[in-house]
Amino acid sequence: MYYSEYTSPVGTLLLTCREEGLTGLWMNREAPRELCRRDDHPVFREAKQWLDAYFRGEKPPVTVALCPEGTAFRQQVWQLLQAIPYGESRSYGDLAREMAVLLGKKHMSAQAIGQAVGSNPISILIPCHRVVGAGGQLTGYAGGLDNKIWLLRHEGQQGIIGLEE
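As a starting point, this report considers the structure included with it. (Residues numbered from 1 in each chain as written. Predicted model: local features only at pLDDT ≥ 70, side-chain atom pairs only at ≥ 80, totals over all residues. Heavy atoms only, no water.)

1. Quick word on helix α3 (residues 92-103)
In this model α3 runs 16 Å from its N-terminal to its C-terminal C-alpha over 12 residues, within 8% of the 16 Å that 1.5 Å per residue would give. Within α3, the full set of buried residues consists of Y92, L95, A96, M99 and A100. Along α3, the residues classed as buried sweep out an arc of 140° about the axis, all on the same side. Across α3 from its buried face, at more than 90 degrees, point the exposed residues R97 and V101. Along its buried surface, α3 packs onto α2 (72-82), β5 (90-91), α4 (110-118) and β6 (131-132). Backbone geometry just after α3 places G104 at a positive phi near 70°. (Helix = DSSP H or I, 4+ residues; strand = E, 2+ residues; numbered from the N terminus. Expected span 1.5 Å × (residues − 1). Buried < 20%, exposed > 50% of the residue type's maximum accessible area, 1.4 Å probe, protein only. Arc of directions from axis to C-beta. Contact = heavy atoms within 4.5 Å.)

Now the structure itself:
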């Protein structure tokens, strides 16, 4: 596995990949010592081009190969996150209802969804920052609440309680 860094408006991002695709994108994190820095890796070049476009205010489709590691349940939740359009948000309850339908269940715990969302290893590209609490309440973010606010404002989000200036 390899790593690279990207300087963004929300700070330095740590990217990790293997040959097949991107495995991680974190804010405020040091590179693990066992990884080799390889800024010229094609996966990183593509991811950085996407990030450049995103931070310029464009709405680029995600064409970067994503290879997040997690359980089948988490993988399904991360797929739901990728379906949240730019500039929109969903609540944990919304995602729980969607997941219940996908799994053929009557109910799904919003708390279980929250744990899967919080374990997302590829922030921004898998947009966990677009998940809010019940009633549009601003909630925590592994990359820091300030960064979540910045990302939501960058995408033109409105109607989220706690996002107002």
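Still more ground to cover, so stick around.
2. Observations concerning the pattern of salt bridges
Going through the model one piece at a time under the given rule, you end up with 10 salt bridges. A salt bridge links R37 to E5; its shortest N-O distance comes to 3.4 Å. Note that R37 is positioned in strand β4 (residues 36-37) and E5 in strand β1 (residues 2-8), a separation of 32 residues in sequence. Classification of E5 as partly exposed rests on a relative accessible area of 32%. The salt bridge involving E58 is made with R56; its shortest N-O contact spans 3.0 Å. (Salt bridge = Lys/Arg side-chain N within 4 Å of Asp/Glu carboxyl O.)

3. What to know about the packing of α2 against α3
Direction vectors running N to C along α2 and α3 enclose 120°, while the axes themselves pass 11 Å from each other. By the angle between their directions, the pair α2 and α3 is classed as oblique. By crossing handedness, the relation of α2 to α3 is classed as right-handed. Between α2 and α3, the contacting residues are F73, Q76, V77, L80 and L81 on the first element and L95, E98, M99, L102 and L103 on the second. Tallied by class, the residues present in the contact of α2 with α3 amount to 8 nonpolar, 1 polar and 1 charged. (Axes fitted to C-alpha atoms, helices over the stretch in contact; angles between N-to-C directions. Parallel < 35°, antiparallel > 145°, perpendicular 65-115°, else oblique. Left-handed = near helix turned anticlockwise from the far one by under 90°. Nonpolar A, V, L, I, M, F, W, Y, C, P; charged D, E, K, R; others polar.)

Distances and angles like these do not, on their own, reveal function.
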